[in-house]
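# Commentary on secondary and tertiary structure
Spelled out, the chains give:
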Amino acid sequence: MSNERLRSALLAQGMTVHDLAEAIEVNPKTVERWITQGKVPYRRHQYATASALKVDVTTLWSDERAVESASDLSKAEIVTVYPHRHMVPNGLWREMYARAETYVDVLVYSGLWLSEDPLFHELLKEKVQGSTQVRILLGDPDCAAVQQRGIDEGHRIMDGKIRNALVNYRPLFTSHPDIGFRLHDATLYNSLFRSDDEMLVNTHVYGIGAYMAPVLHLRKLPGGGLFGTYANSIEQTWGSARPVTELDITGA
């Protein structure tokens, strides 16, 4: 039995099968089977489809597999999990931020590898010239949380990595003052990278560097709570952080 409700929702949004497949990252033939054969997708694909088509999930699938609980919605927000940060595809960070129209947020201690990427710098310049809010949160190199994180990772140079990142970002401080740079003294349990309704969550694990820790790729869905929990963490940290000064960069 075909799914005419799904077909109608596609038409209402002016989308094709290929448009939807690209939006939720599945094969177009898979979407075609959902429509023509009435196949029921996995839960995460149900909610991703409903979000893309701006309808309630039960409008498209009303059987018992269309689960409405907040727990299942939150699970559906997890696009994928990478066992280690170095396994995240190299281009995903830029691709994700390139899609941003409203929010570009980075909450880290140093995020040194991003600060060393000239293409990321250019992307920040481009975004801030439009209507996108850009906020970069680095750890205060002199705070206790930063010192402890360095000890936990076994190298005691976290403060130096942050100062290095500040030097790398220095050209942006004066050339693009609309890019928000602040220093925080929070104990981070995750490094967070937000682009509108997408986020990469790099967990912090005692005894190893963040590059070896897992990364969750999240996509916000209506009714889910996982994405919002991390997004609130960014807002709270930003609110208590302080602006970067020349003294923070030069030390003089």
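The following paragraphs examine the structure supplied in this document.

Reading the values: the criteria
Residues numbered from 1 in each chain as written. Predicted model: local features only at pLDDT ≥ 70, side-chain atom pairs only at ≥ 80, totals over all residues. Heavy atoms only, no water. Helix = DSSP H or I, 4+ residues; strand = E, 2+ residues; numbered from the N terminus. Buried < 20%, exposed > 50% of the residue type's maximum accessible area, 1.4 Å probe, protein only. Contact = heavy atoms within 4.5 Å. Polar contact = N/O pair within 3.5 Å; in protein donor to acceptor, adjacent residues only side chain to side chain. Arc of directions from axis to C-beta. Axes fitted to C-alpha atoms, helices over the stretch in contact; angles between N-to-C directions. Nonpolar A, V, L, I, M, F, W, Y, C, P; charged D, E, K, R; others polar. Phe/Tyr/Trp six-rings, centres within 6.5 Å; stacked < 30°, edge-to-face > 60°. Left-handed = near helix turned anticlockwise from the far one by under 90°.

### A few points about the environment of T237
By secondary structure assignment, the location of T237 is in helix α12 (residues 226–240). Classification of T237 as buried rests on a relative accessible area of 8%. C-alpha of T237 to C-alpha of A186: the two residues are 51 residues apart in sequence and 7.1 Å apart in space. With sequence-adjacent residues up to four places away left out, T237 is seen in contact with L107, L137, H184 and A186. Looking at T237, its side chain comes within polar contact range of the main-chain oxygen of S233, at 2.8 Å.

### A short note on helix α1 (residues 4–12)
Listing the buried residues of α1 in full gives L6, A9 and L10. Each buried residue of α1 lies within a common arc of 100 degrees when the element is viewed along its axis, so the set occupies one face. What points out from α1, more than 90 degrees from its buried face, is the exposed set L11 and A12. In this structure, the buried side of α1 is in contact with α2 (17–24), α3 (28–36), α4 (43–53) and α5 (57–60). Between the side-chain oxygen of the N-cap and the backbone nitrogen of R5 there are 3.2 Å, and the N-cap of α1 in question is N3. G14 lies just past α1 and shows a positive phi near 65 degrees.

### Comments concerning the packing of helix α10 (residues 144–153) against helix α11 (residues 158–175)
At a closest axis distance of 8 Å, the pairing of α10 and α11 adopts a crossing angle of 115 degrees. Residues V146, Q147, R149, G150 and E153 of α10 pack against M158, D159 and I162 of α11. Looking at the contact of α10 with α11 residue by residue, the class counts come to three nonpolar, two polar and three charged.

### Details of the packing of aromatic side chains
Geometry of an aromatic ring pair is reported as the spacing of the ring centres plus the angle between the planes. By the definition in use, this model includes seven aromatic pairs. Each ring, one from W93 and one from W113, has its centre 4.6 Å from the other, and the planes form 65 degrees; the classification is edge-to-face. Taken together, the residues W93 in helix α7 (residues 92–98) and W113 in helix α8 (residues 112–115) connect sequence positions 20 residues apart. For W93, a relative accessible area of 7% gives the class buried. Ring centres of Y169 and F181 lie 5.1 Å apart, and the angle between their planes is 50 degrees; on these two criteria the pair is classed as tilted.

### Observations concerning the packing of α2 against α3
Interaxial distance between α2 and α3 falls to 8 Å at its minimum, and their mutual angle equals 115 degrees. Every pair of crossing elements has a handedness; the one defined by α2 and α3 is right-handed. Judged by residue contacts, V17, H18, L20, A21 and I24 of α2 engage P28, V31, E32, W34 and I35 from α3. Of the residues belonging to the contact of α2 with α3, the class tally is eight nonpolar, one polar and one charged.

So yeah, pure geometry; function would need other evidence.
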